[in-house]
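# Analysis of the macromolecular model
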Amino acid sequence: MGVRPPSGGDDDEPESVEFGIAAVDARLRRSDLSFPATRDDVAAELGHEQVPYDVHGNTVALGEMLDEIPTAEFRSRQELLNQLHEPFEEYRRNNSGGVFQQVRSMLPF
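Every chain is numbered on its own, with residues counted from 1 as its sequence reads. Local features in this predicted model are restricted to residues whose pLDDT is 70 or higher, and side-chain atom pairs enter the listing and the counts only when it is 80 or higher, whereas totals over whole chains, interfaces and linings include all residues. Remark: hydrogens and water are excluded; side-chain values derive from all non-hydrogen atoms of the structure.

### Re the packing of helix 1 (residues 21–30) against helix 4 (residues 77–94)
Threshold: Lines fitted to the C-alpha atoms define the axes, with helices restricted to the stretch that makes contact. Angles between their N-to-C directions range from 0 to 180 degrees. Runs of E in the DSSP output that reach at least two residues are strands. Runs of H or I that reach at least four are helices, and both are numbered from the N terminus. Small angles under 35 degrees read as roughly parallel and large ones over 145 as roughly antiparallel, with 65 to 115 read as roughly perpendicular and the rest as oblique. Left-handed describes a crossing in which the near helix is turned anticlockwise from the far one by less than a right angle; the clockwise case is right-handed. Throughout, a contact is declared for two residues whenever any of their heavy atoms are within 4.5 Å. Ten residues, namely Ala, Val, Leu, Ile, Met, Phe, Trp, Tyr, Cys and Pro, are considered nonpolar, four, namely Asp, Glu, Lys and Arg, are considered charged, and the remaining ones, Gly among them, are considered polar.
Between helix 1 and helix 4, whose axes approach to 9 Å, the crossing angle comes to 150 degrees. The angle between the axes of helix 1 and helix 4 places the two elements in the roughly antiparallel class. Between helix 1 and helix 4 lies a crossing of right-handed hand. Where helix 1 abuts helix 4, its residues Ile21, Val24, Asp25, Leu28 and Arg29 lie against Arg77, Leu80, Leu81, Leu84, His85 and Phe88. Per-class residue counts for the contact of helix 1 with helix 4 are seven nonpolar, one polar and three charged.

### Details of the side chain of Asp54
Condition: Throughout this description, buried means an accessible area under 20% of the type-specific maximum (1.4 Å probe, protein chains only), exposed means over 50%, and partly exposed covers the range between. Only four residue types enter the tally: Lys and Arg on the positive side, Asp and Glu on the negative side, with His and both chain ends excluded. Salt bridge, as used here: a side-chain nitrogen of Lys or Arg that lies within 4 Å of a carboxyl oxygen of Asp or Glu.
Topologically, Asp54 is positioned in the loop between strand 4 (50–52) and strand 5 (59–61). Buried charge Asp54 goes without a salt bridge, the closest partner of opposite sign being Arg92 at 7.6 Å. Each residue touching Asp54, except ones within four places of it in the same chain, is listed here: Phe19 and Arg92.

### Quick word on the side chain of Glu89
The following threshold applies: The definition of a polar contact used here is a pair of N or O atoms within 3.5 Å, where within protein one atom must be able to donate a hydrogen and the other to accept one, and adjacent residues in sequence count solely through side-chain atom pairs.
The topology assignment puts Glu89 in helix 4. There is a polar contact of 2.7 Å between the side chain of Glu89 and the side chain of Arg92.

### A short note on a negative patch on the surface
Test applied: In this analysis, a patch consists of residues with relative accessible area above 30% that form no salt bridge, clustered at 9 Å for like charges and at 5 Å for the nonpolar side chains Val, Leu, Ile, Met, Phe, Trp and Tyr. Only the protein chains shown count as cover for residues, with accessible areas throughout obtained via the Shrake-Rupley method and a probe of 1.4 Å. Think of each charge as sitting on NZ of Lys, CZ of Arg, CG of Asp or CD of Glu.
On the surface, a cluster of negative charge is made up of Glu64, Asp67, Glu68 and Glu90. Relative to the helices and strands, Glu90 is located in helix 4.

### Structural notes on the packing of aromatic side chains
Note the cut-off: Side-chain rings of Phe, Tyr and Trp, where Trp is taken by its six-membered ring, are said to pair if the distance between their centres is within 6.5 Å; with planes under 30 degrees apart they count as stacked, over 60 as edge-to-face, and otherwise as tilted.
Inspection of the entire model under this criterion finds one aromatic pair. Seen from their ring centres, Tyr53 and Tyr91 are 4.8 Å apart, and the 80 degrees between their planes marks the pair as edge-to-face. With Tyr53 in the loop between strand 4 and strand 5 and Tyr91 in helix 4, this pair connects stretches of sequence that are 38 residues apart.

What follows is the structure, given as structure tokens:
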């Protein structure tokens, strides 16, 4: 997932804010991890990484999200990301600060 932050009124293109599996994907691409990989391989390489789970920059350890999936081995990076999608969504829903915060996060300002 990724959301563009509101423009500061300048003409420069704003950078996107990566969170959830988009942030995990960015970390995987920068790592030395190769696939197939076990959950333990991923945890050893990136489990300590704090990954934003919402647009506000709130984070959770990737190792905590890995604990939520039953799969022990991933054939590809995409398979890992697919498995992590639902745990990140559930974590975001349960830790996002309520309905007001969710509505506010959708507004462009």
